[in-house]
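Listed below, chain by chain, are the residues.
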Protein chains: 2
Amino acid sequence: MTCAPGTGGIEGAIATIRTPLRRTTIAQALAAMGEFPVRRAGTQRVDLDTAEGRILGQEVTAAQDVPAFARSMVDGYAVIASDVRGASRHEPATLTLAGEVAMGKATLLTLRHGEAIAVPTGGALPVGTTGIIKIEDTKKDAERVFVYDADDCDDRITQPASDVRAGERLFARGTCLSPAATGLLAAIGVAEVTVYRMPSVAVLVTGDELVPAGEPLGPGQIHETNGIAVRAALAAMGFAPRRYPLVADRREALARSFERALSECDAVIISGGSSVGLRDHTPAVIAQAGQPGVIVHGVRAKPGRPVVLAMIGDQPVIGLPGNPVSALVMLEALAKPILLRMFDRHDDPLPVRARLEQAIVADAELEHRIAVQLVAGSDGPVARPLLGSSSQLHILAHADAIVIVPEGSGGLASGSLVDALPLSRTRSIR
Amino acid sequence: MTCAPGTGGIEGAIATIRTPLRRTTIAQALAAMGEFPVRRAGTQRVDLDTAEGRILGQEVTAAQDVPAFARSMVDGYAVIASDVRGASRHEPATLTLAGEVAMGKATLLTLRHGEAIAVPTGGALPVGTTGIIKIEDTKKDAERVFVYDADDCDDRITQPASDVRAGERLFARGTCLSPAATGLLAAIGVAEVTVYRMPSVAVLVTGDELVPAGEPLGPGQIHETNGIAVRAALAAMGFAPRRYPLVADRREALARSFERALSECDAVIISGGSSVGLRDHTPAVIAQAGQPGVIVHGVRAKPGRPVVLAMIGDQPVIGLPGNPVSALVMLEALAKPILLRMFDRHDDPLPVRARLEQAIVADAELEHRIAVQLVAGSDGPVARPLLGSSSQLHILAHADAIVIVPEGSGGLASGSLVDALPLSRTRSIR
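Rules used throughout
Residues numbered from 1 in each chain as written. Chains lettered and ligands numbered in written order. Predicted model: local features only at pLDDT ≥ 70, side-chain atom pairs only at ≥ 80, totals over all residues. Heavy atoms only, no water. Helix = DSSP H or I, 4+ residues; strand = E, 2+ residues; numbered from the N terminus. Rg over C-alpha atoms; globule rule 2.2 N^0.38 Å. Areas by Shrake-Rupley, 256 points an atom, 1.4 Å probe, with all protein chains shown as cover. Buried < 20%, exposed > 50% of the residue type's maximum accessible area, 1.4 Å probe, protein only. Expected span 1.5 Å × (residues − 1). Axes fitted to C-alpha atoms, helices over the stretch in contact; angles between N-to-C directions. Parallel < 35°, antiparallel > 145°, perpendicular 65-115°, else oblique. Left-handed = near helix turned anticlockwise from the far one by under 90°. Contact = heavy atoms within 4.5 Å. Nonpolar A, V, L, I, M, F, W, Y, C, P; charged D, E, K, R; others polar. Least-squares fit on C-alpha atoms with pLDDT ≥ 70 in both. Arc of directions from axis to C-beta. Pairing = 2+ DSSP bridges. Patch = residues over 30% accessible without salt bridge, like charges linked within 9 Å, V, L, I, M, F, W, Y side chains within 5 Å. Salt bridge = Lys/Arg side-chain N within 4 Å of Asp/Glu carboxyl O. Lys, Arg positive; Asp, Glu negative; His and termini not counted. Charge placed at Lys NZ, Arg CZ, Asp CG, Glu CD. Buried area = accessible area lost by both parts, 1.4 Å probe. Polar contact = N/O pair within 3.5 Å; in protein donor to acceptor, adjacent residues only side chain to side chain. Core = buried A, V, L, I, M, F, W, Y, C linked by side-chain atoms within 4.5 Å. pLDDT = per-residue confidence, 0-100.

### Details of the overall build of chain A
Here is step 1 of the chain: A count of helical and extended segments in chain A gives nine helices and 29 strands.
Here is step 2 of the chain: In summary, chain A has a C-alpha radius of gyration of 31 Å against a globular reference of 22 Å for 430 residues, an excess of more than 25%.
Here is step 3 of the chain: On the principal axes, the C-alpha backbone points of chain A span a range of 95 × 50 × 50 Å.
Here is step 4 of the chain: For chain A, the exposed surface amounts to about 17,200 Å²; the carbon and sulfur share of it is 50%.

### Observations concerning the environment of L108 of chain A
Residues and elements named next belong to chain A.
Here is step 1 of the chain: Looking at the element boundaries, L108 is found in the loop between β6 (93-100) and β7 (115-119).
Here is step 2 of the chain: For L108, a relative accessible area of 81% translates into the label exposed.
Here is step 3 of the chain: Sequence-wise, L108 and L125 are 17 residues apart; in three dimensions their C-alpha atoms are separated by 9.5 Å.

### Overview of helix α5 (residues 226-237) of chain A
All names here are of chain A.
Here is step 1 of the chain: End to end, α5 covers 16 Å across 12 residues, agreeing with the expected 16 Å (1.5 Å per residue, within 8%).
Here is step 2 of the chain: Judged by how many residues are buried, α5 sits mostly within the fold: 10 of 12 residues are covered.
Here is step 3 of the chain: When we look at burial in α5, the residues that qualify are N226, G227, I228, A229, V230, A232, A233, L234, A236 and M237.

### A closer look at the packing of helix α6 (residues 251-264) of chain A against helix α7 (residues 282-289) of chain A
Residue and element names in this part refer to chain A.
Here is step 1 of the chain: The interhelical angle for the contact between α6 and α7, taken along N-to-C directions, is 50 degrees, at an axis separation of 10 Å. The orientation of α6 with respect to α7, classified from their angle, is oblique. For α6 against α7, the interelement crossing comes out right-handed. Within the contact between the two elements, α6 uses R251, L254, A255, F258, E259 and L262 and α7 uses T282, A284, V285, I286, Q288 and A289.

### Overview of the packing of α5 of chain A against helix α4 (residues 179-187) of chain B
Here is step 1 of the chain: Between α5 of chain A and α4 of chain B, the shortest axis-to-axis distance is 7 Å and the interhelical angle comes to 160 degrees. Between α5 of chain A and α4 of chain B, the angle is such that the two are roughly antiparallel. For the pair α5 of chain A and α4 of chain B, the sense of crossing is right-handed. Seen from α5 of chain A, the contacting residues are I228, A229, A232 and A233 of chain A; seen from α4 of chain B, they are P179, T182, G183 and A186 of chain B.
Here is step 2 of the chain: Class assignment for the residues of the contact of α5 of chain A with α4 of chain B results in six nonpolar, two polar and no charged.

### Some words on the relation of the copies chain A and chain B
Relating the two copies of this chain is a rotation about some axis coupled with a shift parallel to it.
Here is step 1 of the chain: It takes a turn of 180 degrees to lay chain A on chain B, together with a shift of 0.0 Å along the axis; the resulting RMSD is 0.0 Å. Classification of the inter-copy transformation places it as that of a two-fold axis. Across chain A, the smallest distance between a C-alpha and the rotation axis is recorded for T426 of chain A, namely 3.0 Å.
Here is step 2 of the chain: Interface overlap between copies is the fraction of interface residues in one copy that are interface residues in the other; for chain A against chain B it reaches 100%, indicating a shared surface.

### Some thoughts on α7 of chain A
All names here are of chain A.
Here is step 1 of the chain: Along α7, the residues that are buried comprise T282, P283, V285, I286 and A289. Mapping the buried residues of α7 onto a view down its axis gives an arc of 165 degrees, with all of them on the same face.
Here is step 2 of the chain: The inward-facing, buried residues of α7 contact α6, β18 (267-271), β19 (292-299), β21 (308-312) and β22 (315-320).
Here is step 3 of the chain: One or two residues past the end of α7 sits G290, with phi positive at roughly 160 degrees.

### Some points on the sheet that holds strand β10 (residues 144-147) of chain B
All names here are of chain B.
Here is step 1 of the chain: Strand order in this open sheet of six strands is β8-β5-β7-β6-β10-β9, and the pairing throughout is mixed. Looking at strand neighbours, the two that pair on one side only are β8 (131-134) and β9 (138-140), the edges of this open sheet. Each neighbouring strand pair of the sheet contributes to a mean axis angle of 35 degrees, computed without reference to strand direction.
Here is step 2 of the chain: Pairing between strand β5 (residues 76-79) and strand β7 (residues 115-119): three bridges, direction antiparallel. Looking across to β7, one finds that G76 is bridged to V119.

### Regarding a negative patch on the surface
Here is step 1 of the chain: Residues D151, D152, D154 and D155 of chain A make up a contiguous surface patch of negative charge.
Here is step 2 of the chain: Here D155 of chain A shows up in the loop between β10 (144-147) and β11 (157-158).

### Describing the interface of chain A and chain B
Here is step 1 of the chain: Residue-level contacts link 90 residues of chain A with 90 residues of chain B.
Here is step 2 of the chain: Between chain A and chain B the total buried area reaches about 7,400 Å² when both faces are included, carbon and sulfur atoms providing 59% of it.
Here is step 3 of the chain: Between the two partners, chain A and chain B, sit five salt bridges.
Here is step 4 of the chain: Counting every contact that joins chain A to chain B gives 22 residue pairs in polar contact (both at pLDDT 80 or more).
Here is step 5 of the chain: Listing elements by their share of the side of chain A that touches chain B, those giving two or more residues are β12 (169-171), α4 (179-187), β16 (222-223), α5, α8 (324-340), β25 (367-377), β26 (380-385) and α9 (393-397) of chain A.
Here is step 6 of the chain: Looking at side-chain class alone, the side of chain A that touches chain B contains 43 nonpolar, 27 polar and 20 charged residues.

### Examining the nonpolar core
Here is step 1 of the chain: In terms of nonpolar packing, the biggest core is built from 81 residues, with V193 of chain A together with L234, I269, L331, L339 and L396 of chain B touching the most fellow members.
Here is step 2 of the chain: By residue number, the principal contributor to this core is helix α8 (residues 324-340) of chain B, which donates 12 residues.
Here is step 3 of the chain: For L331 of chain B, the contacting residues outside a window of four places in its chain are V230, A233, L234, M237, I269, L320 and K336 of chain B.
Here is step 4 of the chain: In this structure, I269, L331 and L339 of chain A together with A187 of chain B belong to the second largest nonpolar core, which totals 80 residues.

### Structural notes on the sheet that holds strand β17 (residues 240-243) of chain B
Remark on secondary structure: sheet strands pair via backbone hydrogen bonds, oriented parallel or antiparallel.
All names here are of chain B.
Here is step 1 of the chain: Strand order in this open sheet of seven strands is β1-β19-β21-β22-β18-β14-β17, and the pairing throughout is mixed. The open sheet has two edge strands with one neighbour each: β1 (21-24) and β17. Each strand of the sheet is rotated relative to its neighbour by a mean of 20 degrees, with strand direction disregarded.
Here is step 2 of the chain: Here strand β14 (residues 200-205) pairs with β17 via four bridges, running parallel. Its bridge partner lying in β17, S200 is registered against A240.

### Side note on the environment of E224 of chain B
Here is step 1 of the chain: Within the secondary structure layout, E224 of chain B lies in the loop between β16 (222-223) and α5 (226-237).
Here is step 2 of the chain: For the pair formed by E224 of chain B and Y244 of chain B, sequence separation is 20 residues and the distance between their alpha carbons is 13 Å.
Here is step 3 of the chain: For E224 of chain B, the residues in contact, after removing those within four places along its chain, are A186 of chain A together with V205, L210, V211, R243 and L246 of chain B.
Here is step 4 of the chain: At 2.9 Å, the side chain of E224 of chain B forms a polar contact with the backbone nitrogen of N226 of chain B.

### What about unusual backbone geometry?
Here is step 1 of the chain: The omega torsion of the bond from K302 of chain A to P303 of chain A falls at -5 degrees, within 30 degrees of zero and hence cis.
Here is step 2 of the chain: With respect to the element layout, P303 of chain A can be found in the loop between β20 (301-302) and β21.
Here is step 3 of the chain: Backbone geometry places D152 of chain A, a non-glycine residue, at a positive phi of 60 degrees.
Here is step 4 of the chain: In this structure, D152 of chain A sits in the loop between β10 and β11.
Here is step 5 of the chain: Positive phi is not limited to glycine here, since A161 of chain B has a value of about 65 degrees.
Here is step 6 of the chain: Examined against the element boundaries, A161 of chain B turns out to sit in the loop between β11 (157-158) and β12 (169-171).

### Examining the confidence of the model for chain A
Residue and element names in this part refer to chain A.
Here is step 1 of the chain: Averaged over every residue, the pLDDT of chain A is 91; the share at 70 or more is 94%.
Here is step 2 of the chain: This stretch, residues 1-18, has a pLDDT under 50; its non-local contacts, to residues over four places away or in other chains, come to 29 contacts.
Here is step 3 of the chain: Per the prediction output, this complex has pTM 0.92; the corresponding ipTM is 0.91.

### Brief notes about the pattern of salt bridges
Residues and elements named next belong to chain A.
Here is step 1 of the chain: A full pass over the atoms with the stated rule returns 39 salt bridges over all chains.
Here is step 2 of the chain: A salt bridge links E59 to R169, with the shortest nitrogen-to-oxygen separation between them at 2.8 Å. Of the two residues, E59 is situated in the loop between β2 (43-47) and β3 (60-61) and R169 in strand β12; the sequence distance between them amounts to 110 residues.
Here is step 3 of the chain: Assessed through its relative accessible area of 49%, R169 is described here as partly exposed.

### Observations regarding the side chain of T158 of chain A
Here is step 1 of the chain: Here T158 of chain A shows up in strand β11.
Here is step 2 of the chain: Overall, the relative accessible area of 10% leaves T158 of chain A in the buried class.
Here is step 3 of the chain: Sequence-distant contacts of T158 of chain A, that is, excluding residues within four places in its chain, are made with P67, F69, A70, R71 and M73 of chain A together with S391 of chain B.

Dropping the structure here:
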């Protein structure tokens with residue numbers, strides 16, 4: 001998914017394209033877009049408190065050992081293991097109490113044969129320590145410590161650098177930081193990291209019939225849904241979506257809004273106007289805006305068909321169908337992998353291997369994408385198809401994932417194992 | 001996971017507890033906490049633009065049909081189906097062009113036999129329409145439309161209420177809103193919804209050896225990691241975490257900080273001081289703060305052992321081990337399901353059914369939680385164990401999920417199917 005070698009960058013890539021590819025498969029469409037270099041997201045420094053979910057814009061190498069010193073895993077006594085070997089309740093080992101390690105302080109103590117030094121969990125060990133006796137396996141008086149069990153005493157030492165060694169490469173550039181990863185960054189002494197900026201993605205919606213959410217409908221009008229849903233999905237994917245005012249189905253209006261979006265954002269998504277009707281100005285407006293222009297117009301997939309994939313310079317432009325289900329499903333299938341290239345990543349979600357709860361019948365001429373709910377079954381996850389037409393947004397609104405029915409298959413049998421691709425969302429609580 | 005019937009609320013529940021349960025299983029610990037009523041999250045109104053990922057605090061019922069009127073699925077001509085039945089290239093049907101539907105406008109047109117009216121995709125259909133002919137299956141002159149193919153013309157009408165019917169219950173209270181769900185809310189005329197407030201969860205960290213992220217370490221000191229990582233995980237789970245300044249291992253200092261956190265937040269997490277050592281003030285401080293106090297102290301699980309689960313009034317309090325791996329794993333296993341009860345939810349994540357890449361050996365006395373990476377295999381997901389000690393945060397920092405090795409099993413065989421529980425995170429890009 002990087003610029004093809006030897007094509008000489010964008011000029012070479014432009015030279016390879018003459019007319020837009022029509023009715024390609026999804027895979028062909030992505031491959032065609034992959035020939036063009038894409039603007040890379042810039043980077044920024046963020047505090048660890050806001051780093052979770054962000055994508056590393058740097059490789060991270062440890063500058064220091066973790067831990068930097070030998071530590072005790074338990075509350076107890078530092079000992080020399082050979083002094084206490086075989087100690088038992090019947091034959092306790094007797095050691096001289098030679099001091100105490102203070103938590104979080106330097107220890108200047110050195111352990112000598114016959115001595116025990118009290119250590120708290122996590123405390124730095126005295127020089128010479130080779131074992132630690134748990135406090136519950138001891139008794140003590142003012143000067144002596146009696147050891148009743150010394151088994152495994154050498155397993156209770158956290159050795160220096162046993163978690164991280166200075167110079168070790170911890171995270172590659174492009175790693176999406178998890179909660180534990182932010183903790184590990186803190187452990188190696190980091191307070192802020194370089195992450196990729198969230199690329200700004202313009203969301204343009206065109207359609208004379210559309211009315212903003214909450215406003216009253218006139219006859220023949222419907223509420224605008226794609227701007228709301230596409231914006232939410234982009235944010236869940238890690239982008240910074242920016243909605244533009246609704247655009248009428250007039251070419252000049254769309255061209256003006258598109259030019260503005262191109263100049264203000266890193267990528268542009270246009271919902272609506274992507275087909276070949278009289279009111280479908282999206283392909284022409286994109287074509288006029290710059291080179292290389294429209295790369296793919298229409299995909300052989302359902303939902304999907306009227307999709308436009310384009311590049312204006314290094315800016316990806318994706319024209320989604322006005323139909324909300326088609327728009328969201330194509331956003332996942334096409335826009336997401338294209339836009340993730342701005343992070344130098346391609347989309348490679350781990351599918352959920354699930355058993356199909358009922359058969360899916362689909363015409364064999366197209367690749368189909370079916371919305372499913374994922375539910376727990378006795379034998380692992382079950383994919384429950386939500387069947388209906390692609391104009392039914394309520395189906396997608398209750399779906400967890402998408403199952404692909406391959407072109408030529410005609411459907412999938414009930415009980416077959418399928419790879420369900422989870423829909424992007426910020427979090428899921430059942 | 002609600003208050004046991006007949007116990008008379010919190011007083012009854014308090015009466016049932018005398019001394020904290022010790023060394024219970026995780027399941028027993030959750031069941032014990034489930035006996036106590038938990039503070040419910042309040043609600044707030046949010047705009048659809050910020051509703052994704054939030055949890056509905058209301059049931060949503062559609063106030064209107066979607067769509068409210070019959071619409072065309074294609075650009076073409078509205079017809080009466082019986083007028084064009086059997087039309088073909090050889091024997092086209094000829095209709096009189098009787099007008100055009102404007103997009104997003106009321107149509108006052110009525111279709112009569114022998115007539116065709118031009119309609120755009122999504123346009124409102126004239127009264128009497130029973131079929132739509134695709135524009136590519138027609139030709140027209142100034143007054144007439146010639147129909148060359150009328151097959152399936154009655155399948156191109158989106159019927160009123162075919163997506164949503166007025167009065168239909170769309171979402172239950174407690175639904176976590178997906179991108180498509182926000183779109184569907186817009187479609188039914190909603191501009192803002194009632195969601196649960198994100199409950200505030202205090203994050204208190206105690207430990208004399210701890211130094212804030214980025215500050216230089218003295219001898220015997222380590223960087224504080226749990227506040228950073230626990231905060232990030234809570235945010236990923238949908239809570240509003242609030243970090244408090246580091247607390248020294250002194251009982252009065254911890255008590256002061258804890259009282260303040262209790263008064264300012266809905267729930268409190270204390271990292272560190274949860275064991276039974278001299279410096280472990282967490283259980284005593286909680287016990288002194290109010291009723292019912294400590295419910296569980298210590299669980300029979302690894303990582304896990306020194307965990308404190310408590311209730312002060314209706315506020316959950318969870319004491320996590322200072323060890324960062326134990327803290328994060330117990331946050332997932334115990335704190336998450338307890339805190340989700342504030343949304344009137346319990347945690348029920350869909351596990352990933354995966355094949356274990358190598359055998360895990362574990363002592364049979366405890367339930368073990370093993371960090372795994374999930375990778376794609378030819379036969380579905382593969383769980384790759386990240387073996388090491390529970391003091392190695394770098395292991396959890398590279399993990400995707402947790403696999404439970406049941407108590408008594410002694411381990412899991414290589415190649416066995418396991419249920420991997422994904423770790424909470426805002427998003428995952430591989």
